[in-house]
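Chain and residue survey
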Amino acid sequence: MAGRTLITNIEVVNEGLSQRGSILIDNGRIEEIFHGDVPAVDDAEMIDCEGAKALPGVIDDHVHFREPGLTQKADIESESRAAAYGGVTSFFDMPNTRPQTTTLDALQQKRDMAKSAAHVNYAFFFGATNDNADLFEMLDEHRVPGIKLFMGASTGNMLVDNDKALDRIFSGARLPLMVHCEDSEMISRNMSAAKERYGDDPDIVHHPEIRSAEACYSSTSLAVEMARRHGTRLHVAHLTTARELSLFTPGYPNITAEAVVAHLMFTEEDYPRLGTAIKCNPAVKSRSDRDALRQALTDGRISVVATDHAPHLPADKEGGCARAASGMPMIQFSLVSMLQLVDERVLTIERVAELMCHAPARLFEVRDRGFLRPGMKADIAIVRRGEPWRVTKGVIQSKCGWSPMEGREFSWRVEHTFCNGHHIYNKGVFDAGSRGEEILFR
């Protein structure tokens, strides 16, 4: 069990405020938050963080840690370690593994794996298929964040495009329904046209033409219409276009949208430089789309920022639009990327805490996490702005060994990560023996 720790001289960023203070941790939870002078506390390890800021540990609601079945790319141990290095203390893993997480047995198998391997806190989405909606009522709402639906073909071949099946899923989902929205028929037509024009494996610069803005809007608008018709709690994953944003109303909690870091950091102008390293589904699109997503971070149309962390081996990323795998590892650098946007005056650090910590906790009704409050689990990320540093291959923790952020400079660093009160990451020193907990909901 974690001991008693006093983090002093810290700026506490929480629930819209930044206040200088100290955080006392005891028995894995926040015992007290003091403001003003450093308090006198007996029998506590003191960590002086003068000049740094404390945020709640990041909750990433959208990752692909590849275990089971794809562990040559990544596994729960390696990617949860990368998470801890990046100030991420909780992750929700997606179902397109091998086997897919579309049965109760497969769901329990993942929990059993994580219990012995995950360095940070974990939960797993249940995957919807054309014929498993009858299992939804058997899911334990306290242990499952939601149901993942692919309304567009992506990695893992879990496409659901049967109208009757979609009606069953939207009407039967009593948990949040998180949806990947792309119109597969439209994408198929676009790919055929691109191959006819550019050859069997079109250059990566054509990816946003194939995985087009129109394909995204068509599918997202259908998902929103179905959610309104059935009263479904809908969360649309990884929005990429300005037009899709028109479908979301700030302050309307039943239909929400997520942006992921790649679509906030990159544009189609980066394809010639980075190539398939930034190939993902949906595609990175135009600068105007990226700028619209950035604006939506502050006006309420985007509720959550996540990563869609999806590692592949370098060999998997060879080729173009048809052959190269889609997805990239991002979790280690997600928080510092968003803090870079703070420096660029895109949003405030208080808004970063809302989008990456508070909002996912609120949206999925996470118990005891996502906020810095007495009684809550002591999941804390401590960050500092200082001398610029560069991402090199040697700092990358993901098992695949690469990142599209390689070579990029950041002024912010994650100095410390506490998970359930454990000082799991301390200025480059990692506690490999530390294990996270299963996340509970509602």
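Report on the accompanying structure. Every value quoted in this text rests on a predicted model; they were computed, and no experiment measured them.

Cut-offs and rules
Residues numbered from 1 in each chain as written. Predicted model: local features only at pLDDT ≥ 70, side-chain atom pairs only at ≥ 80, totals over all residues. Heavy atoms only, no water. Helix = DSSP H or I, 4+ residues; strand = E, 2+ residues; numbered from the N terminus. Rg over C-alpha atoms; globule rule 2.2 N^0.38 Å. Buried < 20%, exposed > 50% of the residue type's maximum accessible area, 1.4 Å probe, protein only. Areas by Shrake-Rupley, 256 points an atom, 1.4 Å probe, with all protein chains shown as cover. Lys, Arg positive; Asp, Glu negative; His and termini not counted. Charge placed at Lys NZ, Arg CZ, Asp CG, Glu CD. Disulfide = S-S within 2.5 Å. Axes fitted to C-alpha atoms, helices over the stretch in contact; angles between N-to-C directions. Parallel < 35°, antiparallel > 145°, perpendicular 65-115°, else oblique. Left-handed = near helix turned anticlockwise from the far one by under 90°. Contact = heavy atoms within 4.5 Å. Nonpolar A, V, L, I, M, F, W, Y, C, P; charged D, E, K, R; others polar. Expected span 1.5 Å × (residues − 1). Polar contact = N/O pair within 3.5 Å; in protein donor to acceptor, adjacent residues only side chain to side chain. Core = buried A, V, L, I, M, F, W, Y, C linked by side-chain atoms within 4.5 Å.

The next subject is the overall build of the protein chain. Looking only at helices and strands, the protein chain features twelve helices and 18 strands. Computed over its C-alpha atoms, the radius of gyration of the protein chain comes to 21 Å, within 12% of the 22 Å expected for a compact globule of 442 residues. Considered along the principal axes of its C-alpha atoms, the protein chain spans approximately 70 × 45 × 40 Å. Every one of the 442 residues in the protein chain was classed for burial, and the buried ones make up 62%. By element, 45% of the accessible surface of the protein chain is carried by carbon and sulfur atoms, the whole surface being about 16,400 Å². The averaged location of the 63 negative side-chain charges in the protein chain is 2 Å from the averaged location of its 50 positive side-chain charges.

With that settled, the discussion passes to the state of the cysteines. This model, assessed by the stated rule, comprises zero disulfides. Sulfur of Cys400: no disulfide; nearest cysteine sulfur belongs to Cys280 and is 14 Å away. Judged by relative accessible area, Cys400 falls into the buried class, the value being 7%.

Let's shift gears to the packing of helix H3 (residues 163-172) against helix H6 (residues 213-230). Where H3 contacts H6, the two axes come as close as 9 Å, and the packing angle between them is 55°. Relative to H6, the element H3 is oriented oblique. Like other packed secondary-structure pairs, H3 and H6 cross with a definite hand, here right-handed. For the pair H3 and H6, contact is made by Leu166, Asp167, Phe170 and Ser171 and by Ala223, Met226, Ala227, Arg229 and His230, respectively. Taken together, the residues of the contact of H3 with H6 sort by class into five nonpolar, two polar and two charged.

Let us now look at helix H4 (residues 184-198). For H4, spanning 15 residues, the distance from its first C-alpha to its last is 20 Å, which sits close to the expected 21 Å at 1.5 Å a residue. Buried-residue contacts for H4 involve helix H5 (207-210) and H6. If you check the start of H4, you find a side-chain oxygen 3.1 Å away from the backbone N of Glu185, and it comes from Asp183. Downstream of H4 by one or two residues, Gly199 has phi in the positive range, about 110°.

What follows covers the nonpolar core. In this structure, Leu149, Phe170, Phe266 and Leu335 are the most contacted members of the largest nonpolar core, which totals 105 residues. The residues touching Phe266, leaving out its near neighbours within four places in the chain, are Leu274, Ile278, Val284, Arg290, Met328, Met330, Pro404, Met405 and Arg408. Counting 17 residues, the second largest nonpolar core, distinct from the first, contains Met94, Ala361, Leu363 and Phe371.

Below, the discussion takes up the environment of Asn426. Within the secondary structure layout, Asn426 lies in strand S17 (residues 422-426). Separated by eleven residues in the primary sequence, Asn426 and Glu415 have C-alpha atoms spaced 6.1 Å apart. With residues near it in sequence (within four places) discarded, Asn426 still touches Glu415 and His416. A distance of 3.3 Å separates the side chain of Asn426 from the side chain of His416, its partner in a polar contact.

As for its position among the elements, Gln397 is in the loop between strand S15 (380-390) and strand S16 (409-419). Reaching out from Gln397, the side chain makes a polar contact with the side chain of Arg81 at a distance of 3.0 Å. Residue contacts for Gln397: discarding those within four places in its chain leaves Ser78, Arg81, Ala82, Tyr85 and Gln332.

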